[in-house]
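A structural walkthrough
Below, each chain spelled out in residue letters.
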4 protein chains.
Amino acid sequence: MTDRSIIKSLQQKMSPRTEQQYNEIREHRKATIMQAGLELFAQYSIETTSISMIAKRAGISKGLIYNYFDNKEALIVAIVTEGFEEFTRMIPETHGQPLSKEQLIHYLNTTFDVLTTDFQYWKLYFSIVMQPAVMKLIEDQLMAIMMPVVMLMADYYESQGVANPMAHARMLGAILDGISLNYMLDPENFPLTDIKNILIQKFI
Amino acid sequence: MTDRSIIKSLQQKMSPRTEQQYNEIREHRKATIMQAGLELFAQYSIETTSISMIAKRAGISKGLIYNYFDNKEALIVAIVTEGFEEFTRMIPETHGQPLSKEQLIHYLNTTFDVLTTDFQYWKLYFSIVMQPAVMKLIEDQLMAIMMPVVMLMADYYESQGVANPMAHARMLGAILDGISLNYMLDPENFPLTDIKNILIQKFI
Amino acid sequence: MTDRSIIKSLQQKMSPRTEQQYNEIREHRKATIMQAGLELFAQYSIETTSISMIAKRAGISKGLIYNYFDNKEALIVAIVTEGFEEFTRMIPETHGQPLSKEQLIHYLNTTFDVLTTDFQYWKLYFSIVMQPAVMKLIEDQLMAIMMPVVMLMADYYESQGVANPMAHARMLGAILDGISLNYMLDPENFPLTDIKNILIQKFI
Amino acid sequence: MTDRSIIKSLQQKMSPRTEQQYNEIREHRKATIMQAGLELFAQYSIETTSISMIAKRAGISKGLIYNYFDNKEALIVAIVTEGFEEFTRMIPETHGQPLSKEQLIHYLNTTFDVLTTDFQYWKLYFSIVMQPAVMKLIEDQLMAIMMPVVMLMADYYESQGVANPMAHARMLGAILDGISLNYMLDPENFPLTDIKNILIQKFI
DNA sequence: GATGAATGAGTGTTCATTCAT
DNA sequence: CATGAATGAACACTCATTCAT
């Protein structure tokens with residue numbers, strides 16, 4: 001233990017909040033800001049949503065946001081990245097084996113469930129991702145997450161003896177995008193469950 | 001209307017111009033502005049594209065744009081509205097009869113063709129529509145155009161004796177959205193033709 | 001003459017201000033802004049002087065400044081560059097010959113005269129140049145102007161048979177800097193004329 | 001005061017510290033802050049250097065600085081004032097007698113030596129003083145220190161029977177300023193020693 | 001009809017300073 | 001004595017919009 005570090009630990013005794021207390025404050029604030037950002041970015045758009053608006057919604061001062069995020073872009077990336085982890089968690093583990101029909105159906109069911117239960121979240125999330133300016137920022141991350149899913153599906157179609165498995169895989173991806181988008185835009189009337197069943201029946 | 005003819009009408013300034021000549025000038029200017037706007041809004045975004053940029057691309061002064069459009073928003077709405085007419089023109093006339101299978105396939109082929117041939121245009125167009133701020137402005141118009149198409153398809157599926165024709169219709173709409181979107185984002189690699197064939201084979 | 005250019009010239013007939021009128025407005029405004037900037041940058045400092053302050057002093061809006069200068073830095077460079085031209089004009093033409101004693105004395109007299117007659121200007125100017133942040137921006141320009149002067153003096157001292165002409169030249173430059181600086185800081189009490197005479201007597 | 005001794009005093013926290021121990025801590029902290037400030041203010045500038053940066057370099061928290069200095073301005077004044085004492089220490093004691101030639105030369109040698117050995121320090125110091133905003137704060141102090149030096153030199157020139165001793169004195173001061181400034185701006189190439197010799201030979 | 005100088009509210013961002021702990 | 005989260009006023013810069021000509 002060096003002299004410097006001794007001094008430091010002694011000094012910390014003097015600081016009134018413990019490191020843990022500070023961490024809790026920071027975690028809480030960070031989450032608040034990200035939540036406010038998520039809601040506003042989705043409702044309006046990236047460019048239309050100002051840092052001022054986010055601060056107001058979060059109930060804090062403008063300046064404080066910069067205590068937690070280097071700049072607006074970093075905040076956006078943080079919000080979107082956090083959303084990706086949800087996606088990633090849902091991808092089934094296959095250990096190199098192609099998915100069975102049941103596994104794929106289960107994956108689709110999970111996806112649709114998340115769509116409905118975390119509706120608010122995904123609506124916001126979806127409309128953020130749709131904006132070209134954001135795409136630039138997260139293109140690579142998105143690709144890194146999407147490619148494995150597409151491959152998983154291509155493997156599935158191949159194991160089913162389908163003629164053009166890659167085309168089928170990309171089509172399935174496109175269909176999911178389209179369904180999500182339509183559901184987001186009009187959740188009241190869009191017959192999500194019926195459509196899920198048609199999807200499974202015709203495309204799986 | 002060509003530059004030559006514009007010149008002519010301008011040169012006739014000495015002798016008083018007819019009302020029609022004025023109108024021609026106005027129409028030509030308006031079209032120029034809208035074309036410049038379409039290109040820039042798509043390449044960048046609505047918020048990132050300034051009136052100055054549009055004026056420069058259109059080869060006119062900033063102020064003149066306000067002579068033709070009340071404000072930026074009105075310009076956007078005009079551009080998007082014009083784009084809708086292309087959509088509308090593609091919808092087949094059925095005189096109350098449901099579409100035949102061949103007619104529907106033909107409609108799908110037309111749609112996909114437009115997607116590829118006017119790719120630049122639709123890419124721009126698509127990215128404009130995707131922005132929430134714009135959606136607010138044109139939601140009603142969009143609905144007015146989309147509903148007839150969905151109804152047409154529902155009628156088709158009903159005539160084919162499908163159990164849940166409305167769900168099928170909305171799903172087809174969703175699939176077309178998803179395919180368009182994926183094609184727009186990655187036109188190089190997206191197997192559009194293969195997917196169109198799969199779609200027709202499995203879903204029509 | 002192309003169609004485009006014909007259109008343009010016809011259109012210009014319609015614009016109410018002639019190109020020359022616009023140029024006059026621009027020249028005048030630009031000068032006003034630069035004058036306001038010069039005064040404020042000198043009285044305070046580059047960092048302390050805000051664009052708002054300059055706009056207020058110039059009696060215009062903040063935004064208009066950016067109609068004339070790309071950014072704050074460009075404004076600074078413009079102001080300083082303009083000042084350099086005064087310097088450059090004072091350097092005597094020698095056609096390769098070293099200066100005579102009379103010529104050098106005349107140059108010094110001119111320099112000192114400018115210091116006193118354009119006192120306000122040089123005070124501002126000097127204190128701008130003295131600031132490290134500005135130096136970075138104009139270092140190259142400054143060197144390009146100063147080196148010829150130093151060489152001229154080195155040539156002079158060499159022609160006088162002085163042992164270390166370059167050292168003498170740089171010292172003369174340093175002395176002039178020191179005198180200017182002291183005069184600027186305390187023009188009331190600094191005995192400029194006496195000192196000029198001492199300088200000429202001892203050092204030329 | 002070394003880190004070791006700081007630790008000791010900190011460790012004695014359990015037993016009440018003497019007033020002296022508190023003072024030592026305070027003195028040590030104050031010096032640390034001022035040193036950090038000096039380095040940063042010089043490397044960057046007053047406006048560019050933030051309290052945060054100083055705190056980080058000093059290894060303490062932002063808030064603590066305000067425990068030792070009322071505000072940023074007070075910190076600057078403290079740093080500059082301390083620097084002046086170095087100057088003051090170099091002024092030779094004359095007990096009312098004018099300096100001898102040897103004493104003056106010795107003083108000049110000392111000044112030049114300090115310029116080169118504590119180069120880093122003076123460079124920083126010089127660039128701080130050069131900023132108008134700082135000048136406002138310390139003008140009076142500067143005068144209080146400079147006047148005695150000028151008087152000393154005036155006395156010297158008078159004792160040498162020079163016609164206008166005050167002008168000579170102020171000129172010598174100006175020359176020293178000019179030399180320092182030029183050396184600071186270009187220490188690699190500026191022939192400091194040669195120039196010092198020329199100065200002594202011609203002006204002493 | 002056409003121009004572009006001019007405005008002013010807005011943006012993202014920084015930072016000296018305060019204060020609860 | 002010490003911390004760092006928090007504030008708010010300021011900054012450089014942008015841009016839709018207006019208007020005298």
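Throughout, residues of each chain are indexed from 1 in the direction in which the sequence is written. Note on labels: chains are lettered from A, ligands numbered from 1, in written order. For a predicted model such as this one, the threshold for reporting local features is a pLDDT of at least 70, and the threshold for listing and counting side-chain atom pairs is 80 or more; totals across whole chains, interfaces and linings nevertheless cover every residue.

Brief notes about the relation of the copies chain B and chain A
How we decide: Least squares is the method used to superpose the copies, on C-alpha atoms of residues holding a pLDDT of at least 70 in both.
Superposing chain B onto chain A takes a rotation of 176° combined with a translation of 0.4 Å along the rotation axis, leaving an RMSD of 0.9 Å. Accordingly, the operation relating the two chain copies is best matched by a two-fold axis. Measuring from the rotation axis to each C-alpha of chain B, the shortest distance belongs to Gly178 of chain B, at 1.5 Å.

Quick look at the domain arrangement of chain A
Residue and element names in this part refer to chain A. The condition that has to hold: Here the bounds of each domain stem from an automatic or database domain assignment. Contact criterion: two residues are in contact if their C-beta atoms, reconstructed from the backbone, are within 7 Å. Each residue receives one of three labels: charged for Asp, Glu, Lys and Arg, nonpolar for Ala, Val, Leu, Ile, Met, Phe, Trp, Tyr, Cys and Pro, and polar for the others, Gly being one of them.
Considered domain by domain, chain A is made up of domain 1 (1-69) and domain 2 (83-204). Domain 1 puts 7 residues into the contact, and the matching count from domain 2 is 7 residues. Considered class by class, the residues forming the side of domain 1 that touches domain 2 number 4 nonpolar, 1 polar and 2 charged.

Let's talk about the packing of helix 8 (residues 132-159) of chain C against helix 9 (residues 165-185) of chain C
All names here are of chain C. Selection criterion: For helices, the fitted axis covers only the stretch in contact; all axes are lines through C-alpha atoms, and the angles between them, taken along N-to-C directions, range from 0 to 180 degrees. Counting from the N terminus, the helices are DSSP H or I runs at least four residues long and the strands are E runs at least two residues long. Note on angle classes: values under 35 degrees are labelled roughly parallel, values over 145 roughly antiparallel, values of 65 to 115 roughly perpendicular, and the remainder oblique. Handedness of a crossing follows from how the near helix is turned relative to the far one, being left-handed for an anticlockwise turn of less than a right angle and right-handed for a clockwise one.
Remark: helix 8 packs on helix 9, axes separated minimally by 8 Å, with the N-to-C direction vectors making an angle of 130°. On the basis of the axis angle, helix 8 is oblique to helix 9. The two elements helix 8 and helix 9 cross, and the hand of that crossing is right-handed. Each of Val150, Met153, Ala154, Tyr157 and Glu158 in helix 8 lies in contact with helix 9, whose residues at this interface are Pro165, Met166, His168, Ala169, Arg170, Leu172 and Gly173. Grouping the constituent residues of the contact of helix 8 with helix 9 by class yields 8 nonpolar, 2 polar and 2 charged.

Focus: the interface of chain B and chain A
If you look at the interface, chain B gives 29 residues, while chain A gives 30 residues. With 13 residues, the top contributor of residues to the side of chain B that touches chain A is helix 9 (residues 165-185) of chain B. Its residues assigned to classes, the side of chain B that touches chain A shows 15 nonpolar, 9 polar and 5 charged.

A short note on the nonpolar core
Definition in use: A set of buried residues qualifies as a nonpolar core if it consists of Ala, Val, Leu, Ile, Met, Phe, Trp, Tyr and Cys joined through C-beta atoms within 7 Å. Each residue is classed by its C-beta neighbour count within 10 Å, where at least 20 other C-beta atoms makes it buried, 12 or fewer makes it exposed, and intermediate counts make it partly exposed; the C-beta atoms are placed from backbone geometry.
One finds Phe41 and Ile175 of chain C together with Ile128 of chain D to be the most contacted residues of the largest nonpolar core, which totals 81 residues. Among the elements that take part in this core, helix 9 of chain C stands out by supplying 9 residues, more than any other. Each residue touching Ile128 of chain D, except ones within four places of it in the same chain, is listed here: Phe41, Ala42, Ile46, Val80 and Val134 of chain D. Of all hydrophobic cores here, the second largest spans 60 residues; its members include Leu176 of chain A together with Ala42, Trp122 and Ile195 of chain B.

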